[in-house]
Amino acid sequence: MEVESSISCFEEENESTEEYDSVLPHKEFNLNDTDDAISRMFHMKPVHSIAIGKCIGIRDEARGEQSQEVRASASAPQLKARIIASGDESNQVKIWNSLTGTQYFHESGHNDTVISCGFSFDGEYLASAAMDGTVQIRQMTGLVACTPSLEDDGENDDNDDAKQERGSLKNKAFPPPQGLPLSSPSSSSLSPSTTTRMLTGMAEINWLSWHPKGYFLAVGDIDGNIWLWDARKGECVSILPGSAGSTTGGWSSDGRFLIGGYANGEVLVWSPRSVQILHRFSNAVGAGKRPSLLHFGFAMDEVTCLRCHNGENVFLVGSKNGNVFLCNANTGDVLGRMPSHNGSVELLDFVDEGCNVVATGGTDGIARVYDIQEHFVCGEYRHPEAVTCGLTYRASDGERVRNLLFTGCSDGLTRVWGIDDAACLKELNGISACVLCIKGKGNWIVAGGDDHTAVAFAIS
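Caption draft 1: Quick look at the overall build of the chain. For the chain, the helix and strand inventory stands at 4 helices and 34 strands. When each of the 460 residues of the chain is scored for burial, the buried share is 56%. Restricting to contacts in the chain with at least 6 residues of sequence separation, those with at least 24 account for 53%. Approximately 18,700 Å² of the chain is accessible, and the part contributed by carbon and sulfur atoms is 46%.

Caption draft 2: Representation of the pairing of strand β28 (residues 387-396). Most of β28 sits inside the fold, with 8 of its 10 residues counted as buried. Note: β28 against strand β29 (residues 401-409), 9 bridges, orientation antiparallel. Looking at the pairing, R394 lines up with N403 of β29.

Caption draft 3: Highlighting the environment of F119. Mapped onto the fold, F119 is located in strand β8 (residues 114-119). Considering only alpha carbons, one finds F119 and Q139, 20 residues apart in sequence, at a separation of 9.9 Å. If near-sequence neighbours (up to four positions away) are discounted, F119 is found in contact with A51, I52, G53, I83, A85, Y125, L126, M140 and W210.

Caption draft 4: Main features of the nonpolar core. Residues A85, W444 and V446 are the most contacted members of the largest nonpolar core, which totals 27 residues. Breaking this core down by element, the ones donating at least two residues are β2 (47-55), β5 (82-88), β6 (93-97), β8, β33 (444-449) and β34 (453-458). Among the elements that make up this core, the one with the highest residue count is β2 (4 residues). If you look at the next biggest cluster of nonpolar residues, it comprises 19 residues, including A395, F406, A423 and V455.

Caption draft 5: Molecular detail of the pairing of strand β27 (residues 376-382). Pairing of strand β26 (residues 366-371) with β27 involves 6 bridges; the strand directions are antiparallel. Residue pairing across strands places A367 opposite Y381, the latter belonging to β27. Turn length for the β26-β27 hairpin, with the two strands adjacent in sequence and antiparallel, is 4 residues, and the turn residue H375 shows positive phi of about 55°.

Caption draft 6: Representation of the environment of G242. Within the secondary structure, G242 is located in the loop between β15 (235-241) and β16 (246-251). On a C-alpha basis, the gap between G242 and N264 in space is 9.9 Å, while along the polypeptide they are 22 residues apart. When residues no more than four places from it in sequence are discounted, the contact partners of G242 are G224 and Y262.

Caption draft 7: Spatial organisation of the packing of aromatic side chains. Evaluation of the coordinates by the stated rule reveals 8 aromatic pairs. Summarising the aromatic geometry, the rings of F121 and Y215 are spaced 5.3 Å apart at their centres and angled 40° between planes, so their arrangement reads as tilted. Within this pair, whereas F121 is found in the loop between β8 and β9 (125-130), its partner Y215 is found in the loop between β12 (205-210) and β13 (216-221), the two being separated by 94 residues in sequence. For the pair F121 and Y215, a shared accessibility class is recorded, and that class is buried.

Caption draft 8: Structural view of the sheet that holds β26. Spatial ordering of the open sheet is given by β24-β25-β26-β27, a layout of 4 strands whose pairing is antiparallel. A single partner strand is all that each edge strand has here, and the edge strands are β24 (345-350) and β27. This sheet shows a mean twist of 15° between the axes of neighbouring strands, independent of strand direction.

Caption draft 9: Region of interest: the side chain of H383. Note on placement: H383 falls in the loop between β27 and β28. A residue is classified by how much of its surface remains accessible, and H383, at 9% relative accessible area, is buried. Looking at H383, its side chain comes within polar contact range of the side chain of W417, at 3.5 Å. Once residues lying within four places of it in the same chain are set aside, the contact partners of H383 are G365, A367, T407, C409, R415 and W417.

Caption draft 10: Structural view of the sheet that holds strand β17 (residues 258-262). Sheet architecture is open: 4 strands sit in the order β16-β17-β18-β19, paired in antiparallel fashion. Looking at which strands have only one partner, the edges of the open sheet turn out to be β16 and β19 (276-281). On average, adjacent strands in this sheet sit at an angle of 20° to one another, irrespective of strand direction. Sheet topology note: the strand β18 (residues 267-271)/β19 ladder contains 5 bridges and is antiparallel. Of the residues in β19, the one forming a bridge with S271 is Q276.

Caption draft 11: Seen up close, the pattern of salt bridges. Tallied over the entire structure, the rule returns 8 salt bridges. Between D411 and R415 there is a salt bridge, with its nearest N and O atoms 2.7 Å apart. In the salt-bridge network here, residues are joined through shared partners; they are R368, E380 and R382.

Reading the values: rules and limits
- Residues numbered from 1 in each chain as written.
- Predicted model: local features only at pLDDT ≥ 70, side-chain atom pairs only at ≥ 80, totals over all residues.
- Heavy atoms only, no water.
- Helix = DSSP H or I, 4+ residues; strand = E, 2+ residues; numbered from the N terminus.
- Buried < 20%, exposed > 50% of the residue type's maximum accessible area, 1.4 Å probe, protein only.
- Contact = heavy atoms within 4.5 Å.
- Areas by Shrake-Rupley, 256 points an atom, 1.4 Å probe, with all protein chains shown as cover.
- Pairing = 2+ DSSP bridges.
- Core = buried A, V, L, I, M, F, W, Y, C linked by side-chain atoms within 4.5 Å.
- Phe/Tyr/Trp six-rings, centres within 6.5 Å; stacked < 30°, edge-to-face > 60°.
- Axes fitted to C-alpha atoms, helices over the stretch in contact; angles between N-to-C directions.
- Polar contact = N/O pair within 3.5 Å; in protein donor to acceptor, adjacent residues only side chain to side chain.
- Salt bridge = Lys/Arg side-chain N within 4 Å of Asp/Glu carboxyl O.

And the structure:
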C-alpha cells in the first residue's frame with residue numbers, strides 16, 4: 001500500500017507572485033499509472049453496494065498503543081481512515097478500513113444478493129438490504145469515533161454551519177413521522193449482547209435509505225411498498241403502497257418528505273407523518289395534471305435513478321427511457337428537463353450547493369453537466385462503454401475549489417473529469433470489470449465491481 005498514490009487535486013503553491021488561475025491545467029492532476037487504489041477488499045462475488053461511515057478510532061488496549069490502522073493514518077495526516085461496508089452477490093457484507101484494507105468482520109445473515117447498504121446519519125448503525133426481502137441492522141459502537149467533529153476529515157460540500165449542526169446531532173431529538181415513537185438519538189435499545197437485528201416480511205428489496213436526522217429506515221420492494229422501520233426497535237411503523245414496483249427512493253434533506261420512484265414511471269412524494277401521497281408525478285394526462293408537468297413533457301419509463309438535494313427540497317429523477325427531470329418536493333412542480341440519454345439513466349447528482357447545475361450519465365456512454373437556469377450544456381464526457389454510476393465532488397485546499405465528476409464505466413475504469421474545463425483528468429485503475437457502484441465521503445471515493453472487489457481511492 002502506498003498512501004502517496006492518493007489523488008492530488010492541487011499542487012503545492014510555489015513562491016511566485018503570479019495570480020492563481022481557478023481552472024487548473026491538465027498536468028496538475030498527477031497520479032502514477034499503476035493500481036491507484038489505496039486499499040481493496042476481495043469478495044467471493046460481484047460487489048453491488050457500498051457505504052462509507054465515520055472516521056475510525058481504535059486502540060490496541062492489550063498493548064496500550066495505537067493500532068496499525070491509526071499509525072498508518074498518522075503517517076499520512078491528510079488521510080483519515082473511514083469504515084467501509086461493501087455488499088455482494090454471495091449474500092455477505094464486509095466491514096473494513098479504507099486506509100489499510102483491514103477487515104473487521106462480515107455479516108452473513110442474508111440469503112440473496114446484498115443490493116443496498118448504508119450508515120445512519122451519525123454512523124451509529126449500519127443497515128444492509130438483500131434481495132431475499134431482509135434488512136440486517138448492526139450497531140457500530142466501538143468502531144466509530146464518538147466525537148466525529150474531532151476525527152472528521154471534512155464532509156464533502158458542507159459549510160461550517162452544517163458541520164457544527166452535524167456535530168451536535170447526537171444531543172438533539174428530532175420529531176419522527178406521525179405515529180412513530182419519539183426517542184432520543186443518544187440512547188440505544190440494543191443490549192451489548194445483541195448487536196444485530198433482522199427485519200423481515202418484505203418482498204425482494206431494491207433500495208434502502210436512512211432518515212437524515214434520525215434512526216428511521218425506508219425500504220422499497222418489488223411489490224411497490226415502501227416500508228418505514230424504527231431501526232433500533234426493529235418495528236415496522238407504516239407501509240406506503242405504490243402502484244408498481246418501488247425501484248428507487250430517498251428522503252428530502254430535512255426529512256419531511258419521502259420520494260419513491262416506481263417501475264411504471266411514477267414518482268410519488270409521501271408525507272411520512274400522515275402516510276399520505278402529497279404529489280404524484282406521472283405520465284397520465286388529465287384535468288388534474290399540473291401545468292409544469294405538461295410544459296416540460298413529463299414522461300418516464302421505469303424510474304432507474306433518483307437523487308435528492310442535500311439542502312433544498314428538490315430532486316432529480318431519471319428513467320430507463322433516458323429522460324431526466326428536476327422536481328420540487330414542496331410544490332409538486334417540475335422545474336426543468338435535462339437533455340435525454342439514448343439509454344437508461346444511471347448517474348444523477350448536483351454539482352454544487354445550488355440546484356441549477358446538475359450531472360447526468362447513462363448507458364449510452366455519455367455523461368453531461370447541464371445548467372438548468374441557462375439551458376446550457378456545460379460539458380459532455382464521452383466513454384467507450386456504458387456509464388454505470390457516478391457522483392460529483394468539490395475538491396478544496398482551503399483557498400481553491402474545483403468541481404470534479406467521478407464516473408464508473410462498464411470497462412472497469414473510474415474516470416475523474418474536471419467539470420470546469422471538461423477534461424478527463426485521470427482514469428483510475430483498480431477494478432478490472434464493470435464498475436457497479438460508487439460512493440464518496442470526506443477524502444474517499446469507494447467503488448465496487450463485477451470483478452468481486454471493492455476499492456478505495458483517496459483524495460488529498
